[in-house]
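# Geometric and topological summary
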Amino acid sequence: MISFWEKRSLVDYNYLVIGGGIVGLSTAISIKEKVPKSSVLVVERGILPSGASTKNTGFACFGSLTELLCDIKNMGEDQTLALVEARWLGLQRLKSRLGEKKIDYQNHGGYELLRENEADVIHSVQSVNKILSPLFRSDVFSERKALIRQFGFNRKVIKNLIYNPFEGQIDTGKMMKSLTSLAQQKGVDLLTGARVLAVERGPGAVEVRVENILNMQPIPFRADYVAICTNAFARDLVPGMEISPGRGQILVTSPVQDLPFKGTFHFDQGFFYFRNFGERIIFGGGRNIDFDEETSYEFEVTPPVMDNLKRMLREIIIPGRDFDIVGQWAGIMGFGSERTPILKKISDRIVVGARLGGMGVAIGSRLGDQICELIVSG
Ligand SMILES: Cc1cc2nc3c(=O)[nH]c(=O)nc-3n(C[C@H](O)[C@H](O)[C@H](O)COP(=O)(O)OP(=O)(O)OC[C@H]3O[C@@H](n4cnc5c(N)ncnc54)[C@H](O)[C@@H]3O)c2cc1C
């Protein structure tokens, strides 16, 4: 039961965006930039965004050499170049929209660690550089074997390093805070702790029913147009979407005295990833340890993955140094059989933008622009 006043002023919007992650917030900002006089509401089920956007590692990346080789094999050269271009343009959009300082963007480059059984990959560097040259106009990948000793990695395990000067890192928390502030500054309304239960197309509008924790009756919001930006959870509202969850587990260390490296690092075809944050290390991944177990919506860390991360940290990444693990957490990504996101109009008034995989920092802002274009064009 809602009041006359609530009905007049609080539940009726031109545009309603479901999901307060990178994509939802970017979409809302893009709509306000395109149609400044419109009313826009973002509804987020968590008190904080509760998917992947506040849980990630903050790599500003577009694919390591072995990941891109895998993409070239599966999708061909042209599609791989198009995918890298989308990620690269998305990163530029994020940086120009929020400002590098506000997201603490730092460019220390990215590296891929290669083990003995991956040594052959080095022979593909030039061919991949050639494929990417229309976009970057200079070599993206190059060998940096000599740095293995300087970075202190275990040389019995790590046999080569591939460097990418175009890769950077951000402060994920600052990025999400800046996106939220920008959205509010532009006049976007934001409701958190507001889980959408159902989206229903009515005559001339869409009804969005939001859970009401005070009593059993959901609150009926009304919008001219709705964007569903719930990533891994999109199937809750749109059954049948080709999207499944993938959990990412992460840990952070105490500051490591004289940490010998800076940058973003990929390992084991991108399934493991670590970076410096000041003198700390943030290290995550390991979905490939047990894909079935990690196809999960549960925000939990598990002993098999965490034990593996800790062991790799001690034995391979910073052997022989003192540190403590001071935090660990999990986030849920959305994956599918294709590497590209879903961008789809499911009715004349409802658009879905989801399935960001492991690179939503890169593509999120641009996908927001694309959702906006689809939804505003009517
Ligand atoms: C551990 C980990 C590490 C990662 N590292 C990187 C990285 O270094 N670089 C990179 O580019 N990407 C990384 N990613 C991926 C990146 O974080 C995601 O691709 C991106 O955040 C997806 O953004 P999104 O807005 O689509 O989804 P989300 O951030 O998941 O946002 C969806 C939102 O919808 C909300 N929601 C769901 N259902 C409902 C409902 N019914 N009603 C209301 N709200 C709802 C959720 O609570 C959530 O906040 C990582 C992800 C994880 C988990």
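The following refers to the structure shown. (Residues numbered from 1 in each chain as written. Predicted model: local features only at pLDDT ≥ 70, side-chain atom pairs only at ≥ 80, totals over all residues.)

### A word on the site of the ligand
Which entries qualify depends on this criterion: As a rule, any residue with its backbone-derived C-beta atom within 6 Å of a molecule or strand is reported as near that molecule or strand. Think of it this way: any DSSP run of H or I at least four residues long counts as a helix, any run of E at least two long counts as a strand, and we number them from the N terminus. Under this grouping Gly is polar, as are all residues other than the nonpolar Ala, Val, Leu, Ile, Met, Phe, Trp, Tyr, Cys and Pro and the charged Asp, Glu, Lys and Arg. Where a domain begins and ends is set by an automatic assignment or by a domain database.
Lining the immediate surroundings of the ligand are 42 residues, of which Gly21, Gly51, Gly248, Gly331 and Gly360 lie closest. Among the elements of the structure, helix H2 (22-34), strand E2 (40-44), helix H8 (234-237), strand E12 (244-253), strand E16 (325-335) and helix H11 (360-376) are those that each provide at least two residues to the shell around the ligand. No other element matches H11, which puts four residues into the shell around the ligand. For the shell around the ligand, the residue count by class is 18 nonpolar, 19 polar and five charged. Looking at the shell around the ligand, you find at least three residues from each of domain 1 (4-54 + 174-242 + 339-376) and domain 2 (63-169 + 243-335).

### Considering the pairing of strand E14 (residues 272-277)
This is how it is decided: Exposure in this text rests on C-beta crowding, where 20 or more other C-beta atoms within 10 Å of a residue's own make it buried, 12 or fewer make it exposed, and counts in between make it partly exposed. The C-beta atoms are placed from the backbone. Two strands pair if DSSP finds at least two bridges between them.
Among the six residues in E14, six count as buried, and that is most of the element. Between strand E13 (residues 264-267) and E14, which pair antiparallel one after the other, the connecting turn spans four residues, and aspartate 268 there sits at a positive phi close to 55 degrees. Where E14 and strand E15 (residues 280-285) come together, six bridges link them in antiparallel fashion. Following the sheet pairing, phenylalanine 272 is matched in E15 by glycine 285.

### Comments concerning the sheet that holds strand E6 (residues 158-164)
In space, the eight strands of this open sheet follow the order E5-E6-E4-E13-E14-E15-E12-E16, with mixed pairing throughout. A single partner strand is all that each edge strand has here, and the edge strands are strand E5 (142-143) and E16. Sheet analysis places E5 next to E6, joined by two bridges and oriented antiparallel. In the sheet register, serine 142 faces E6, and the bridge partner there is tyrosine 163.

### Observations concerning the pairing of strand E10 (residues 205-210)
Side-chain alternation along E10 places Val206, Val208 and Val210 on a buried face and Ala205, Glu207 and Arg209 on a face that remains uncovered. As paired strands, strand E9 (residues 196-202) and E10 are joined by six bridges and run antiparallel to one another. If you follow valine 196 over to E10, its bridge partner there is valine 210. Connecting E9 to the antiparallel partner E10 that follows it, the hairpin turn spans two residues, and glycine 204 within it adopts a positive phi of roughly 75 degrees. Of the pairings in the sheet, the one linking E10 to strand E11 (residues 219-228) comprises five bridges and is antiparallel in character.

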